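The lines below spell out each chain.
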Amino acid sequence: MEPKSDIAERYSGIYLNNREKIMAGSSDFINSFREKAMERFHELGIPSKKNESYRYTNLEPFFRNDYANYFIPGISDFVKAEEFRCDVTDLDSHGIVLLNGFYPSINGKFSELPGGIRIGSLNEASREFSDIVEKHYSRYAKSDTDGLVHLNTAMAADGVFVHVPEGASLKKPVQVIDLVDSDADTFNQHRNLIVVEKNAEFTIIICDHTNSPQKFLTNAVTEIYVGENSRFEIIRVQNEHNNAAKITHTFIHQERNSFAASNNITLHGGLVRNSTYHRLAGEGAECNSYGLYLSDKFQHVDNFVNVEHIAQNCTSNQLFKGVLDDMATGAFNGRIFVAPGAQGTIAYQKNNSILLTDSARMDTKPQLEIYANDVKCSHGATVGQINEDALFYLQSRGINKKEARLMLMFGFAHEVIQNIKVDPLRDRMDNLVMQRLKGELSRCASCMVKCG
């Protein structure tokens, strides 16, 4: 990695060259965070392997590329993006197509869904719903070690805003197609804010998809507030080409007796780094964090999960599984933190990976940091090959070796997929995972719902 000052200077230059465009569409409130965030980025720099949470991930090849173009779409670009459609009719959802993280304002600044739920541009929300944005923006996305969070605060020009009022319950999920498309190598930054007030229920599905072969680097931050007695689920499906690097940071703050689930399913991508932070701040809160990664060639997938038990009697579960082929590499870094006084904590963590070749590699690092005595916490991790006894058993029942291997791998992966509560999406994911395991998705040919 080049010295911190050099690489920081490079991205500072991108910021300075585009600062007027970035700030033009934002409110004074959001712009007020930018300079301090850039200063903090200069102090921390781009994470290297010396950063313990990035120990197994080398960002250098992607951040060394020349991203002179900081793409802010115009009307014609949005019109083109609106032509991007999904053709699976049985996924009944409210759909939005983002272009490089920008909300398509050509269809109006906001959409209002049943129950008074509003979805729109974060920039517009910072003006029209300033009380909500100012209460939650940049309150949960905090890091003392990751400069990329601060770089996003400085440079993000737009993103999605969702407000779910108290007591609202949306039966259909919201589906966000996060489309990356440009004629030049592009560095994308976007910021999302989701606020779920108390006694509400909301599910969002995010599909990361590339629509052109250029080199893309995306650094996205999503802040989520889950109010008292509310239920929230976020499902992210990543299916981008090998020239794409996707770095996501998801911060979920939970109040008393709330429930939140996050599920990151990575089907394809050159480099994928997902950081998920669950903060259980209210008594009786519960969170489930799931992940599935399927990698081949020289792909690299890194999942970092940090669960903070701040209040008493909270429960958390982590389950991450992966299949790595060829020379693919992966990493899992899971941390459970139990604060002093967080008695009655129940926390579990499991990471299992299958290596299909001798060249594939998986690094796993479970962590427990406990400062309370009345807790039940455990973790486990395995890295190995397909169970030969199970393979022999299936072959002895007349199933050929190739089909037997597929059955075992699919059963292994399905433990994560079965936690998706949206039935049509779960069925579609089963189909896509089987295709991926068969090698039929050799490139980013479709997103989770066969977008065309």
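Up top you'll find the structure we're talking about.
Residues numbered from 1 in each chain as written. Predicted model: local features only at pLDDT ≥ 70, side-chain atom pairs only at ≥ 80, totals over all residues. Heavy atoms only, no water.

Describing the packing of aromatic side chains
Aromatic rings in a pair are described by how distant their centres are and how their planes are angled relative to each other. Worth spelling out the cut-off: A pair of aromatic rings is counted whenever rings of Phe, Tyr or Trp (Trp by its six-membered ring) have centres within 6.5 Å, and the orientation is called stacked for planes under 30 degrees apart, edge-to-face for over 60 and tilted otherwise. Numbering of helices and strands runs from the N terminus; a helix is a DSSP stretch of H or I covering at least four residues, while a strand is a stretch of E covering at least two.
Scanning the model with the defined rule gives 13 aromatic pairs in all. Relative to Phe-187, the ring of Tyr-11 has its centre 5.2 Å away and its plane inclined at 70°; by these criteria the two rings are edge-to-face. Of this pair, Tyr-11 sits in helix H1 (residues 4-24) while Phe-187 sits in strand S6 (residues 186-196), and the two are 176 residues apart along the sequence. Arranged with centres 6.0 Å apart and planes meeting at 15°, the rings of Phe-129 and Phe-161 form a pair that is stacked.

Here we look at the sheet that holds strand S9 (residues 231-239)
Stated precisely, the cut-off is as follows: In this description, strands pair whenever DSSP reports at least two bridges between them. Where helices are involved, their axes are fitted lines through C-alpha atoms of the stretch in contact, as for all axes, and angles between N-to-C directions lie from 0 to 180°.
With parallel pairing, the 9 strands of this open sheet are ordered in space as S1-S5-S7-S9-S11-S13-S15-S17-S19. Strands with a single pairing partner mark the edges of an open sheet, and in this sheet they are strand S1 (94-99) and strand S19 (375-384). Strand after strand, the sheet turns through a mean of 10° between neighbouring axes, direction not considered. Bridging between S1 and strand S5 (residues 174-180) involves 6 bridges; their strand directions are parallel. By the bridge assignment, His-94 is partnered in S5 with Val-174.

Some words on the sheet that holds strand S10 (residues 244-254)
Note the cut-off: Should any heavy atoms of two residues lie within 4.5 Å, those residues are counted as being in contact.
Taken in spatial order, the 10 strands make up an open sheet running S2-S3-S4-S6-S8-S10-S12-S14-S16-S18, and their pairing is mixed. Both outer strands of the open sheet, strand S2 (110-113) and strand S18 (361-370), are each paired with one neighbouring strand and no more. Here the average twist between neighbouring strands, direction ignored, is 10°. Bridge analysis of S2 against strand S3 (residues 117-121) gives 4 bridges, and the strand direction is antiparallel. By the bridge assignment for S3, Glu-112 is matched with Arg-118. Of the strands in this sheet, S6, strand S8 (216-226) and S10 touch helix H8 (residues 147-155), which is tilted by about 90° from S6.

Focus: the side chain of His-253
This is how it is decided: Each polar contact in these results corresponds to two N or O atoms within 3.5 Å; when the atoms are within protein, one needs to be able to donate a hydrogen and the other to accept it, and residues that are neighboring in sequence are counted only if both atoms are side-chain atoms.
For His-253, the location among the structural elements is in strand S10. At a separation of 3.1 Å, a polar atom in the side chain of His-253 contacts the side chain of Glu-255. The residues contacting His-253, other than those within four sequence positions of it, are Tyr-140, Ile-224, Tyr-225, Val-226, Arg-279 and Ala-281.

Comments concerning the packing of helix H10 (residues 401-417) against helix H11 (residues 423-438)
Which entries qualify depends on this criterion: Less than a right angle of anticlockwise turn of the near helix away from the far helix marks a crossing as left-handed, whereas a clockwise turn marks it as right-handed. We call Asp, Glu, Lys and Arg charged. Ala, Val, Leu, Ile, Met, Phe, Trp, Tyr, Cys and Pro are nonpolar, and the rest, Gly among them, are polar.
Two numbers describe how H10 lies on H11: the axes approach to 10 Å, and their chain directions differ by 145°. Crossing hand, H10 versus H11: right-handed. In this structure, H10 contributes Leu-406, Met-409, Phe-410, Ala-413, His-414 and Ile-417 to the contact, and H11 contributes Arg-426, Met-429, Asp-430, Val-433, Met-434, Leu-437 and Lys-438. Class assignment of the residues belonging to the contact of H10 with H11 gives a composition of 9 nonpolar, 1 polar and 3 charged.

Some points on unusual backbone geometry
Within the chain, Asn-199 stands out as a residue other than glycine whose phi angle is a positive 60°. With respect to the helices, strands and loops of the structure, Asn-199 is situated in the loop between S6 and strand S7 (201-210). Even without glycine at this site, Asn-313 takes up a positive phi of about 55°. On the secondary structure map, Asn-313 appears in the loop between strand S14 (300-309) and strand S15 (315-324).

Some details on helix H3 (residues 34-44)
Using the following cut-off: When a residue's accessible area, from a 1.4 Å probe over protein chains only, is under 20% of the maximum for its type it is buried; when over 50% it is exposed; and in between it is partly exposed. Here the arc refers to the directions that run from the helix axis out to each C-beta atom.
The complete set of buried residues in H3 reads Arg-34, Ala-37, Met-38 and Phe-41. The buried side chains of H3 occupy one side of the element, clustering within an arc of 100° when seen end-on. Across from the buried face of H3, at angles greater than 90 degrees, the exposed residues are Lys-36 and Glu-39. Note on H3: the residue one or two positions beyond its end, Gly-45, has a positive phi of about 70°.

This is a description of form; function is not addressed.
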